[in-house]
Amino acid sequence: MACSATAKIIQPPMSINSTRSPDKSDNCTKLLCPSSFLGPNKKLFSINKTISPLSRRSATVVAVSSDVVKKKKVESNPVSNLLVTKEEGLELYEDMVLGRSFEDMCAQMYYRGKMFGFVHLYNGQEAVSTGFIKLLGNRDCVVSTYRDHVHALSKGVPARAVMSELFGKTTGCCRGQGGSMHMFSKEHNVLGGFAFIGEGIPVATGAAFTSKYRREVLKEDCDDVTLAFFGDGTCNNGQFFECLNMAALWKLPIVFVVENNLWAIGMSHLRATSDPQIWKKGPAFGMPGVHVDGMDVLKVREIAKEAITRARRGEGPTLVECETYRFRGHSLADPDELRDPSEKAHYATRDPITALKKYLLENNLASESELIAIEKKIEEVVEDAVEFADESPVPARSQLLENVFADPRGFGIGPDGKYRCEDPKFTEGTAQV
Amino acid sequence: MSADPKVFLMGEEVGEYQGAYKISKGLLEKYGPDRVVDTPITEAGFTGIGVGAAYYGLRPVIEFMTFNFSMQAIDHIINSAAKSNYMSAGQISVPIVFRGPNGAAAGVGAQHSQCYAAWYASCPGLKVLVPYSSEDARGLLKAAIRDPDPVVFLENELLYGESFPVSAETLDSSFCLPIGKAKIEREGKDVTITAFSKMVGYALQAADILAKEGISAEVINLRSIRPLDRSTINASVRKTNRLITVEEGFPQHGIGAEICASVLEDSFEYLDAPVERIAGADVPMPYAANLERISVPQVEDILQLTKVGRRLICKKTNEAE
């Protein structure tokens, strides 16, 4: 049985990329071919060419400067050569199905008028969110962009809270004051949800700075890692480079995760970037840059493990470029006319959920009925979330002026529970603070 | 910084250079490079890093070499710092201070001389403080660092060199001033002059000269632009019945405009004369020393306006032409 298991593993789970040509020993020499880019021959990005499992993993790693990322990992389970255990596999499957069903339900609700404003859906990119975030602990932080529903869900924010927030109800995770693009959760350490691209990167770098500061200055036992998620368009923005520089300079515990879905609204990545290989920007700043197939949750998870462990050990940041794709338009208001249908069809065949399902079934990690049970369960969770959100009240009018400041009076509350500025001795300057 | 190890200073030249204007002199030796962090020239980057650190539990003080450079980082000040407590419904508060010199210096040209008080003061979620004297600087900065919300602390480069008498109370280590309260620097009964930062000094000088001519001016040092101390200003206007606001920044949509409008709203019946505002000239700051001098309000401008009033000045200027 072990032999046949190994034999099965030898084929990578995503064996659909038959269009890869054999002569790509060095993809750096492949020049831009915009016309062929839009079709299935996306040689520019695929570098997975080898067959055996161990070297397959190292082949996905195109780090130019760091040996750390290239080193071969010891299998956690020497007997089976599989990448995940059954529990882990099911957890990943459930998380991805939750992300997909939730986003599909968002689309439905939007067209029924229950959700409004800007809604950016994550369909197709679930492998990146699940692959990375499921490796984190509660105290680790996630910082995202406006496409943040699924990041919040993966990190543990309840589906009910996210759905209510989208409906603008007071039971949402931000009491209806944030909205689709601003998911914050202190409990789960989701630090937003930012509308401006690139805005989250310095904030994530700051959270990583705090981890390091806590460890070195405050002498706390802190090895929290921060993940910053952002897209291909952001990689041309000044703040991205500023943060790559400072994170590498100060060796901050952060992983920069690029969700390269090749399109920034209607602007193709190739039209906007002088050198479209984003992973190369890492070594320019002194950190490893890695490219990974973002439609395969297992590959993403392997790279994520390395990058996160690296950060926890204090060795500094990593730049991980995940090649992925969004099945829907940029937002629900986007007619999505510029993308070539054949490109969409190509990526639809690489759907991460289908691929994981196939892997689990082929490797006997789960049975069909278990997976269907998970799907049913998620359906119920999402329906329940919608019902909850529907029945929740809208914010009271008095909520408008709340929470502008943490302390509106400017001084905080003293130990006796009263506003400090009302203590006359305080303003005289002799009170104890 | 000595009271709370979570407070740290970050900015350009704050460490080894001892501060671009020597404000952070000695701090590097005392607290070390982990707490006094020299950054590369990346305003947007390090301001965002400060905001992220504040989200996650530290109390950063971010220094801008001048507030003109804060324009490179203004997205973080407004969008990720000021608005976060609201957008997260109180979950994430941002105990950060953005400080640095603001307004005109001497001969530094248009791109280094703008006053940002009006820009930041219009944004809900920020507190904007402007010290004048040493007592103000000490008390307000301590209050700002202890405050759990984002504070924009606008200093003035020319005031760095001025000395002020301070009381022993001020030197006490727990001395703080309340945010949102203005100070009446000089009591008077004929006219109220509101000012902040450097203009307070000019207003006081003008008040001295006016006193010799029998006009008693009440000078209010605003200290806190947001929240504005409307009650002190209105109480003063109700007493004196006349208002002049003085500021260094551009006149349109400035601090004076806000004060005048709020006094009209609250104390219209008490006014004996139209409200007047004195502001900088409506031009980017010129370089030539004589032009620079007339682009910023001077003591003579305050005197002339107080004695004569705007309509009469304009009439005389038009006649002169």
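Residues numbered from 1 in each chain as written. Chains lettered and ligands numbered in written order. Predicted model: local features only at pLDDT ≥ 70, side-chain atom pairs only at ≥ 80, totals over all residues. Heavy atoms only, no water.

Enquirer: Just checking my understanding: could you explain the UniProt feature "domain: Dehydrogenase E1 component" (unreviewed entry) in chain A for this structure?
Expert: Taking the UniProt record as the reference, the feature "domain: Dehydrogenase E1 component" (unreviewed entry) is found at residues 95-395 of chain A. The straight-line gap between the two end C-alpha atoms of residues 95-395 of chain A is 30 Å; of that span, 46% is helix and 12% is strand. (UniProt positions renumbered as here; feature names shortened; annotations may be inferred. Helix = DSSP H or I, 4+ residues; strand = E, 2+ residues; numbered from the N terminus.)

Enquirer: Looking at this model, I keep getting lost on the interface of chain B and chain A. Mind explaining?
Expert: When the parts come together, some accessible area is lost, and that loss is often what is quoted as the size of the interface. Contact residues are listed per partner, giving 55 residues for chain B and 58 residues for chain A. Between chain B and chain A, roughly 4,500 Å² of surface is buried when both sides are summed, and carbon and sulfur atoms account for 64% of that area. In this structure, the connection of chain B to chain A is made through 19 residue pairs in polar contact (both at pLDDT 80 or more). Mapped by element, the contributors of at least two residues to the side of chain B that touches chain A are β1 (7-11), β2 (36-38), α2 (43-55), α3 (74-82), α4 (84-87) and α6 (134-146) of chain B. With 10 residues, α2(B) is the largest single contributor of residues to the side of chain B that touches chain A. (Contact = heavy atoms within 4.5 Å. Buried area = accessible area lost by both parts, 1.4 Å probe. Polar contact = N/O pair within 3.5 Å; in protein donor to acceptor, adjacent residues only side chain to side chain.)

Enquirer: What's the story with a negative patch on the surface in this structure? I'm lost.
Expert: On the surface, E379(A), E380(A), E383(A), E387(A) and E391(A) cluster together into a patch of negative charge. On the basis of relative accessible area, E379(A) is assigned to the partly exposed category, the value being 47%. (Patch = residues over 30% accessible without salt bridge, like charges linked within 9 Å, V, L, I, M, F, W, Y side chains within 5 Å. Areas by Shrake-Rupley, 256 points an atom, 1.4 Å probe, with all protein chains shown as cover. Salt bridge = Lys/Arg side-chain N within 4 Å of Asp/Glu carboxyl O. Lys, Arg positive; Asp, Glu negative; His and termini not counted. Charge placed at Lys NZ, Arg CZ, Asp CG, Glu CD. Buried < 20%, exposed > 50% of the residue type's maximum accessible area, 1.4 Å probe, protein only.)

Enquirer: What is the right way to look at the nonpolar core in this model?
Expert: The nonpolar side chains of a soluble globular protein tend to be buried with one another. Counting residues in each nonpolar core, the largest one holds 129 residues, and the members touching the most others are F209(A), F256(A) and F98(B). With 12 residues, the single largest contributor to this core is helix α5 (residues 86-111) of chain A. Core analysis: the second largest hydrophobic core is formed by 25 residues, L159(B), Y202(B), A206(B) and L303(B) among them. (Core = buried A, V, L, I, M, F, W, Y, C linked by side-chain atoms within 4.5 Å.)

Enquirer: Could you clarify how one ought to interpret the sheet that holds strand β11 (residues 243-246) of chain B in this entry?
Expert: Pairing between the strands of a sheet is mediated by backbone hydrogen bonds and can be parallel or antiparallel. Residues and elements named next belong to chain B. Pairing within the open sheet is mixed, and its five strands lie in the order β7-β9-β8-β11-β12. Lying at the two open borders of the sheet, with one neighbouring strand each, are β7 (183-186) and β12 (276-278). Taken pair by pair, the neighbouring strands of this sheet meet at an average axis angle of 25°, ignoring direction. With three bridges joining them, strand β8 (residues 191-195) and β11 adopt parallel strand pairing. (Pairing = 2+ DSSP bridges. Axes fitted to C-alpha atoms, helices over the stretch in contact; angles between N-to-C directions.)

Enquirer: It is not clear to me how the layout of surface pockets should be interpreted in this structure. Could you clarify?
Expert: By rolling a water-sized probe across the atoms, one finds the places where empty space is left. All names here are of chain B. Size it by volume and the largest pocket reaches roughly 1,100 Å³. Along its surface, the largest pocket is lined by 34 residues, and A137, R138, L141, K142 and I145 are the ones closest to its centre. Among the secondary structure elements, those contributing two or more residues to the lining of the largest pocket are β1, α1 (27-31), β3 (59-63), α6 and β6 (151-155). In terms of residue count, α6 provides more of the lining of the largest pocket than any other element does, seven residues in total. Looking at the lining of the largest pocket, its residues break down into 18 nonpolar, six polar and 10 charged. (1 Å grid on protein atoms, 1.4 Å probe; cavity = no way out; pocket = protein on both sides within 12 Å on 5 of 7 lines; lining within 4 Å. Points joined across faces, edges and corners; volume = space filled by probe spheres on them. Nonpolar A, V, L, I, M, F, W, Y, C, P; charged D, E, K, R; others polar.)

Enquirer: Help me understand the pairing of β1(B), please; the structure alone is not making it clear to me.
Expert: The side chains of a regular strand alternate between the sheet's two faces. Residue and element names in this part refer to chain B. Among the five residues of β1, five are classified as buried, and the element is accordingly described as predominantly covered. Here β1 shows two buried faces, one formed by V7, L9 and G11 and the other by F8 and M10. In the sheet, β1 pairs with β3 via five bridges, with the strands oriented parallel. Bridge pairing in β3 places M10 opposite I62. Sheet analysis places β1 next to β2, joined by three bridges and oriented parallel. For M10, the partnering residue across the bridge sits in β2 and is V37.

Enquirer: Can you help me understand the pairing of β3(B) in this one?
Expert: All names here are of chain B. For β3, the tally of buried residues reaches five of five residues, placing the bulk of the element in the interior. Here β3 shows two buried faces, one formed by R59, V61 and E63 and the other by P60 and I62. Here β3 runs beside strand β4 (residues 97-101); their pairing, made up of three bridges, is parallel. By the bridge assignment, E63 is partnered in β4 with R99.

Enquirer: Before we go on, may I ask you to explain the packing of aromatic side chains in this structure?
Expert: Centre distance and the angle of the planes are the two values used to describe a pair of aromatic rings. Applying the stated rule across the entire model yields 22 aromatic pairs over all chains. Between Y325(A) and Y347(A) the ring centres are 4.3 Å apart and the planes differ by 0°, which places this aromatic pair in the stacked class. Linking Y325(A) in the loop between β9 (318-323) and α14 (341-348) with Y347(A) in helix α14, this pair joins segments that are 22 residues apart in sequence. Ring-pair connections join several aromatic residues into one group, and the members of that group are F46(B), F64(B), F67(B), F98(B), Y116(B), W119(B) and Y120(B). Positioned above the aromatic ring of Y56(B), the side-chain terminus of R214(A) is 5.5 Å from the ring centre. Above the ring of Y17(B), the side-chain terminus of K22(B) is found at 4.1 Å from the ring centroid. (Phe/Tyr/Trp six-rings, centres within 6.5 Å; stacked < 30°, edge-to-face > 60°. Lys NZ or Arg CZ within 6 Å of the ring centre and 35° of its normal.)

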